[in-house]
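Listed here are the chains, written in short residue letters.
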Amino acid sequence: MFSYRHAFHAGNHADVLKHTVLIAMLQHLAQKDAALMVLDTHAGAGLYRLDGDYARTSGEAADGVLRLAQADAAALAPALQAYLELVRAFNTGTGVKVYPGSPFIIQHLLRAQDKLKLFELHPSDLRALTRNVAQLEAGRQVAVLHEDGFEGVKKFLPPPSRRALVLCDPSYELKSDYGHVQDLVADALRRFSTGTYAIWHPIIGRPEAHDLPRRLKTLVTKAGKPWLHATLTVKSAKLGAPLLGASRRPGLPASGMFIINPPYTLKPALQAALPQLAQLLAQDGHAAHQLLVQA
């Protein structure tokens with residue numbers, strides 16, 4: 001259960017997609033004065049060294065944030081500019097050696113009246129997260145909870161301010177995670193139907209992975225709520241597919257973000273950003289993107 005460590009994957013193409021979407025949503029939600037509660041079900045360590053042993057072992061950041069950082073910033077879509085600007089805020093000079101995970105991205109964009117609840121079960125990541133958050137000196141604004149995020153979010157919904165963003169991005173290392181995600185969404189919509197829910201998911205050759213977006217669309221449509229589904233593919237899912245440049249070990253070919261009650265500004269932001277991500281992060285000729293919306 002505790003074998004997955006996000007440090008191996010920090011800054012990869014899935015993180016670029018997930019965090020570009022997350023920043024775009026938070027920037028919109030922060031425009032309203034009322035307090036916002038953000039719940040991160042699988043927080044991880046919070047901060048990652050891209051020059052550390054874990055990240056160097058996989059090298060995934062090289063085809064993610066590091067490749068994007070080499071692009072002409074002026075030519076990038078506003079959502080991608082905002083993403084890189086935030087990542088660079090955690091670094092000095094022109095290089096990117098520190099990568100902020102979702103907890104630090106969220107906290108960076110919070111206002112004084114907002115709250116952040118971080119859930120983490122992995123013992124090592126929990127210790128790292130606790131140390132990293134302590135450096136923020138954020139006081140009671142940020143809470144680190146040693147709990148199962150699938151269950152832990154329930155007691156915070158609905159929030160007192162009636163404004164919440166829930167980010168759910170488990171590793172899906174366990175097949176049961178797919179069912180837990182669906183159960184979380186169904187329960188959350190019963191408790192707080194107007195909240196914004198962001199679900200990250202891998203796109204891999206597993207029946208549960210194929211079924212999850214379809215099940216979420218059916219569930220949310222029956223609840224009468226709008227949704228947005230953005231996907232980014234960077235390479236073929238076939239292990240033997242030829243890649244650009246040197247041979248690389250197989251890895252995640254694609255991922256998606258499924259958003260319930262998305263901000264109205266998210267669709268145009270991603271319409272501009274997704275084609276650029278597919279072009280800039282392509283690892284072979286199978287790179288693609290898709291954006292589906294139901295209002």
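See above for the structure.
Note that the structure is predicted; figures quoted are calculated from it, not measured.

Here is what the cut-offs are and how they apply
Residues numbered from 1 in each chain as written. Predicted model: local features only at pLDDT ≥ 70, side-chain atom pairs only at ≥ 80, totals over all residues. Heavy atoms only, no water. Helix = DSSP H or I, 4+ residues; strand = E, 2+ residues; numbered from the N terminus. Rg over C-alpha atoms; globule rule 2.2 N^0.38 Å. Buried < 20%, exposed > 50% of the residue type's maximum accessible area, 1.4 Å probe, protein only. Contact = heavy atoms within 4.5 Å. Pairing = 2+ DSSP bridges. Axes fitted to C-alpha atoms, helices over the stretch in contact; angles between N-to-C directions. Salt bridge = Lys/Arg side-chain N within 4 Å of Asp/Glu carboxyl O.

As a further point, take the overall build of the protein chain. When helices and strands are tallied, the protein chain shows 10 helices and 10 strands. At 18 Å, the protein chain has a C-alpha radius of gyration in line with the 19 Å of a compact globule built from 295 residues. Along the first, second and third principal axes, the C-alpha set of the protein chain runs to 50 × 45 × 40 Å. The buried share among the 295 residues of the protein chain stands at 53%. Considering only contacts within the protein chain whose residues lie at least 6 apart along the sequence, 80% involve residues at least 24 apart.

Moving on, we get to the sheet that holds strand β5 (residues 142-145). The mixed open sheet is built from eight strands, whose spatial order is β5-β4-β1-β6-β7-β9-β8-β10. The open sheet has two free edges, formed respectively by β5 and β10 (288-294), since each of these has just one partner strand. The mean inter-strand angle of the sheet, taken between neighbouring strand axes irrespective of direction, is 10 degrees. As judged from the four bridges shared by strand β1 (residues 37-40) and strand β6 (residues 164-168), these two strands associate in the parallel manner. Looking at β6, one finds that leucine 39 is bridged to valine 166. The sheet strands contacting helix α6 (residues 123-134) are β4 (115-119) and β5, and the helix crosses β5 at an angle near 165 degrees.

So, on to the pattern of salt bridges. Across all of its chains, the model carries 10 salt bridges by this definition. Arginine 49 serves as the salt-bridge partner of aspartate 51, at 2.8 Å between the closest nitrogen and oxygen. On the basis of relative accessible area, arginine 49 is assigned to the partly exposed category, the value being 47%. The closest approach of N and O atoms between arginine 67 and aspartate 63, which form a salt bridge, is 2.6 Å. The class for arginine 67 is partly exposed, based on a relative accessible area of 23%. With relative accessibility at 7%, the residue aspartate 63 sits in the buried group.

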